[in-house]
Amino acid sequence: MTVKTIGVVGSGSMGTGIAHIAAQSGYDVVLSDVSEQALQRSVSSIATGFDKLVAKGKVAASTKHETLARIKTTTELAEMAQTDLVIEAIIEKFEAKYDLLQQLDKICPSHTILASNTSTMSITRMATATERPDRVAGLHFFNPATVMRLVEVIRGYYTSDETVATLQTVVRSLGKESIEVRKDTPGFVVNRLMLPQLREACLVYEEGIASIEDIDKAMTLGLNHPMGPFTLMDYTGIDIAYDSLVYLQSEFGQPNWAPPLAMKRLVNAKRLGKKTGGKGWYNG
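Bear in mind the structure is a predicted one, so any value in this text is a computation, not a measurement.

J.: Would you mind going over the overall build of the chain with me for this structure?
T.: Scanning the chain from terminus to terminus reveals eleven helices and eight strands. Against the compact-globule benchmark of 19 Å for 284 residues, the chain has a radius of gyration of 19 Å, which places it among compact chains. Of all 284 residues assigned to the chain, the portion counted as buried reaches 48%. Across the chain, contacts joining residues at least 24 apart in sequence account for 66% of those joining residues at least 6 apart. Total accessible area computed for the chain in this model is approximately 13,600 Å², and 52% of it derives from carbon and sulfur atoms. Taken together, the 30 basic and 31 acidic charged side chains of the chain have centroids lying 4 Å from each other.

So this is what it looks like as structure tokens:
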């Protein structure tokens, strides 16, 4: 199957990044959100990112204009009827994703692949919202999508080989590398390995073993990670880590996935990191 038009539902940081790289890679993009203001912020963010690259001489000004010209924004989900692939990048809540796929299944042509950018949740369960479970898969980009090279391609129980092959081809065309997650399991590969590390970092801090700053330093200088666990949570959203741990605890039924109290306190206080003006583990 050949993909020419990609739909992206959700214009937050992930949806914006996915729309950006898809359009820059030559795809026609339909970017949808319930808020016109959110869509305007998304396009403005893409334009601003290009302006910085143009100023540094890394891309031509024409690339910016060509990319933006390929992005159509809309508040009408029905516009997804013209797509070959739809990637949902909405809130990390299962019910919201399930309802969205149910709507997309009725709107999109039968050949359209429906993919979720979920970082932890069951693709198989999402696929039951549709009449095309063989054309439902996970397509998990990492934040920021324009920079991070990896994309997880996740099989649901019914996902066909053709769907996986098509998505792998799309990922390569975006200049990314993919890994195939062969079994639909909570957290897939990256978050299955990363979330226990974030959780343990919180526990080390709670137990007074080391400060937030020194734990981050230990991971960056000791293990050569690009950023420490607390800096990472502030960047991606402390609520994302918290919700993911809650979900994994419910799925695995094991207490070792329970989010630490220190993380829960920040979420309750609406100190989520970058998305709340930088107030999270850092900044007071």
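J.: In this structure, what is going on with the layout of surface pockets? I would like to understand it.
T.: Rolled over the atoms, a probe as big as a water molecule pinpoints where empty space is left. The computed volume of the second largest pocket comes to approximately 190 Å³. Around the second largest pocket, the lining residues are Val 9, Gly 10, Ser 32, Asp 33, Val 34, Thr 75, Glu 76, Leu 77, Ile 90, Ala 96, Leu 100 and Gln 103. No other element matches the three residues that helix α4 (residues 94-107) contributes to the lining of the second largest pocket. Within the lining of the second largest pocket, the residues separate by chemical class into six nonpolar, four polar and two charged.

J.: Sorry, what's going on with the packing of helix α8 (residues 212-222) against helix α9 (residues 229-236) here?
T.: Between two packed helices, both the angle of their axes relative to each other and the distance between the axes serve to describe the pair. Relative orientation of the contacting elements α8 and α9 amounts to 100 degrees, with a least axis distance of 7 Å. Looking at the two axes, α8 sits roughly perpendicular to α9. Along the contact surface, α8 presents Ile 212, Ile 215, Asp 216 and Met 219, while α9 presents Pro 229, Phe 230 and Thr 231. Considered class by class, the residues forming the contact of α8 with α9 number five nonpolar, one polar and one charged.

J.: Please explain the pairing of strand β2 (residues 28-32) as it appears in this structure.
T.: Taking burial as the measure, the five residues of β2 include four buried ones, the bulk of the element. For the crossover from strand β1 (residues 5-9) across helix α1 (residues 13-24) to β2, the handedness is right-handed. Across four bridges, the pairing between β2 and strand β3 (residues 71-74) is parallel. Its bridge partner being in β3, Val 29 is matched across the sheet by Ile 71.

J.: Explain the pattern of salt bridges to me, please; I cannot follow it from the model alone.
T.: When their charged atoms lie close together, side chains carrying opposite charge are able to pair. By the definition in use, this model includes eleven salt bridges. Put simply, Asp 105 and Arg 132 hold a salt bridge, and the shortest N to O gap is 2.7 Å. Of the two residues, Asp 105 is situated in helix α4 and Arg 132 in the loop between α5 (123-127) and β6 (136-141); the sequence distance between them amounts to 27 residues. Classification of Arg 132 by relative accessible area gives buried; the value is 3%.

J.: Can you help me understand the nonpolar core in this one?
T.: If you look at the biggest cluster of nonpolar residues, it comprises 42 residues, and the most contacted ones within it are Met 80, Leu 104, Phe 230, Met 233, Met 263 and Trp 281. When residues of this core are traced back to their parent elements, those giving at least two are α4, α5, α7 (190-206), α8, α9, α10 (238-252) and α11 (261-268). In terms of residue count, α10 provides more of this core than any other element does, six residues in total. Contact partners of Leu 104, with chain neighbours within four places excluded, come to Leu 77, Met 80, Val 86, Leu 114 and Arg 132. Ala 19, Ala 23, Ile 46 and Phe 141 belong to the second largest nonpolar core, which has 32 residues in total.

J.: Can you help me understand unusual backbone geometry in this one?
T.: With an omega dihedral of 0 degrees, the bond running from Asn 143 to Pro 144 counts as a cis peptide bond. Backbone geometry at Phe 188 places phi at a positive 55 degrees, although glycine is not the residue there. Position of Phe 188 among the secondary structure elements: in the loop between β8 (177-181) and α7. The phi torsion at Lys 270 lies on the positive side, around 60 degrees, for a residue other than glycine. As for its position among the elements, Lys 270 is in the segment after α11.

J.: Even after reading the chapter, I still don't get the packing of aromatic side chains, so can you show me in this structure?
T.: Describing an aromatic ring pair means giving the distance of the ring centres and the angle of the ring planes. According to the stated counting rule, one finds six aromatic pairs in the structure shown. For the pair Tyr 157 and Tyr 158, a centre-to-centre distance of 5.0 Å together with 75 degrees between the ring planes defines the contact as edge-to-face. One exposure class covers both Tyr 157 and Tyr 158, and it is exposed. Aromatic pair Tyr 205 and Trp 281: ring centres 6.2 Å apart, planes at 85 degrees, arrangement edge-to-face. Of this pair, Tyr 205 sits in helix α7 while Trp 281 sits in the segment after α11, placing them 76 residues apart in sequence. On the basis of relative accessibility, which here comes to 35%, the residue Tyr 205 falls in the partly exposed class. What makes Trp 281 buried here is its relative accessible area of 10%. Taken together, the ring pairs connect Tyr 205, Phe 230 and Trp 281 into an aromatic cluster. Between the NZ or CZ atom of Arg 125 and the centre of the ring of Phe 94, over which it lies, the distance is 4.0 Å.

Thresholds, definitions, all that
- Residues numbered from 1 in each chain as written.
- Predicted model: local features only at pLDDT ≥ 70, side-chain atom pairs only at ≥ 80, totals over all residues.
- Heavy atoms only, no water.
- Helix = DSSP H or I, 4+ residues; strand = E, 2+ residues; numbered from the N terminus.
- Rg over C-alpha atoms; globule rule 2.2 N^0.38 Å.
- Buried < 20%, exposed > 50% of the residue type's maximum accessible area, 1.4 Å probe, protein only.
- Contact = heavy atoms within 4.5 Å.
- Areas by Shrake-Rupley, 256 points an atom, 1.4 Å probe, with all protein chains shown as cover.
- Lys, Arg positive; Asp, Glu negative; His and termini not counted.
- Charge placed at Lys NZ, Arg CZ, Asp CG, Glu CD.
- 1 Å grid on protein atoms, 1.4 Å probe; cavity = no way out; pocket = protein on both sides within 12 Å on 5 of 7 lines; lining within 4 Å.
- Points joined across faces, edges and corners; volume = space filled by probe spheres on them.
- Nonpolar A, V, L, I, M, F, W, Y, C, P; charged D, E, K, R; others polar.
- Axes fitted to C-alpha atoms, helices over the stretch in contact; angles between N-to-C directions.
- Parallel < 35°, antiparallel > 145°, perpendicular 65-115°, else oblique.
- Right-handed = clockwise from strand over helix to strand, strands pointing away.
- Pairing = 2+ DSSP bridges.
- Salt bridge = Lys/Arg side-chain N within 4 Å of Asp/Glu carboxyl O.
- Core = buried A, V, L, I, M, F, W, Y, C linked by side-chain atoms within 4.5 Å.
- Phe/Tyr/Trp six-rings, centres within 6.5 Å; stacked < 30°, edge-to-face > 60°.
- Lys NZ or Arg CZ within 6 Å of the ring centre and 35° of its normal.

Spatial relationships are all this shows, so hold off on functional conclusions.
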